[in-house]
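# Secondary and tertiary structure notes
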Amino acid sequence: MTTTPDVVRLRPPMNRVSPRALWYWAARAAVLWIVLLVPQVIWWFADGDGGRLPHLLVAAAWLVLAAVHLVVMPQWRYRVHRWEATDTAVYTQTGWLSQERRIAPISRVQTVDSERGPIEQLFKLANVTVTTASAAGPIKIDGLAARDADRLVADLTARVGETTGDAT
């Protein structure tokens, strides 16, 4: 009797990240926009004799771009970012301008890690990294509620332990 191997198909994952990830992504983007504001402020004070019109035009453009980025980007990422762990594979979908969908069969998983940086801790979020032997690198699931990340790590660790294979 011939057995066919389980086929793992690339498909959209079912679970969204935590809604708190919206605020996390907006806060991280706000830091970038504040850093970009510093040269403008320096230019404003250093250019004491110059006309104010160029400063106002740059400030208006900065304000519009920052507002659009801070409002649109988190919403867009939240709609795209998804994850799922089944008995046979881990699925992820990430990105906002450039989107990526990845899958890792459980039999190929080598390590499962979670990470909570200071900003993630502030928002009660965590990131999970699933490492395989893939040249594309690990699969990352960012923006999970901390308790969901803990459950996912425990669940994947148990599944990987039950899986026969060489995980390479």
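Residues numbered from 1 in each chain as written. Predicted model: local features only at pLDDT ≥ 70, side-chain atom pairs only at ≥ 80, totals over all residues. Heavy atoms only, no water.

### As for the side chain of T132
Let me state the cut-off plainly: For helices the rule is a DSSP run of H or I covering at least 4 residues; for strands it is a run of E covering at least 2, with both sets numbered from the N terminus onward. Polar contacts, as used here, are pairs of N or O atoms within 3.5 Å; protein pairs need one atom able to donate a hydrogen and one able to accept it. Residues neighboring in sequence count only if both atoms are side-chain atoms. The contact criterion used is simple: two residues touch if any of their non-hydrogen atoms lie within 4.5 Å.
Here T132 is to be found in strand β6 (residues 125-132). One polar contact links the side chain of T132 to the main-chain amide nitrogen of S134, over a distance of 3.1 Å. Leaving out residues up to four positions away in the same chain, T132 has contacts with A104, R108, V109, Q110 and G137.

### Topic: the pattern of salt bridges
Quick reminder of the rule: One side-chain nitrogen of Lys or Arg within 4 Å of one carboxyl oxygen of Asp or Glu is enough to make a salt bridge. Any residue under 20% of the maximum accessible area for its type is buried, any over 50% is exposed, and the rest in between are partly exposed; the area is computed with a 1.4 Å probe on protein chains only.
According to the stated counting rule, one finds 4 salt bridges in the structure shown. Note that D150 is salt-bridged to R116, the shortest N-O span being 2.4 Å. Taken together, the positions of D150 in helix α4 (residues 146-162) and R116 in the loop between β5 (109-115) and α3 (118-122) put the pair 34 residues apart, joining distant regions of the chain. Overall, R116 belongs to the partly exposed group, its relative accessible area being 32%.

### A word on the sheet that holds strand β4 (residues 99-105)
Here is the rule we go by: Strands are treated as partners if at least two bridges between them are detected by DSSP. Axis definition: a line fitted to C-alpha atoms, limited for helices to the stretch in contact. Angles are taken between N-to-C directions and run from 0 to 180 degrees.
Ordered in space as β1-β2-β3-β4, the 4 strands form an open sheet in which the pairing is antiparallel. Since the sheet does not close on itself, it has two edges, and those belong to β1 (15-16) and β4, each with one partner. With 7 bridges connecting them, strand β3 (residues 89-95) and β4 associate as antiparallel partners. Along β4, the bridge assignment pairs A89 with P105. Packing against the sheet, helix α2 (residues 53-80) makes contact with β1, β2 (82-85), β3 and β4, and its axis sits at approximately 155° to β3.

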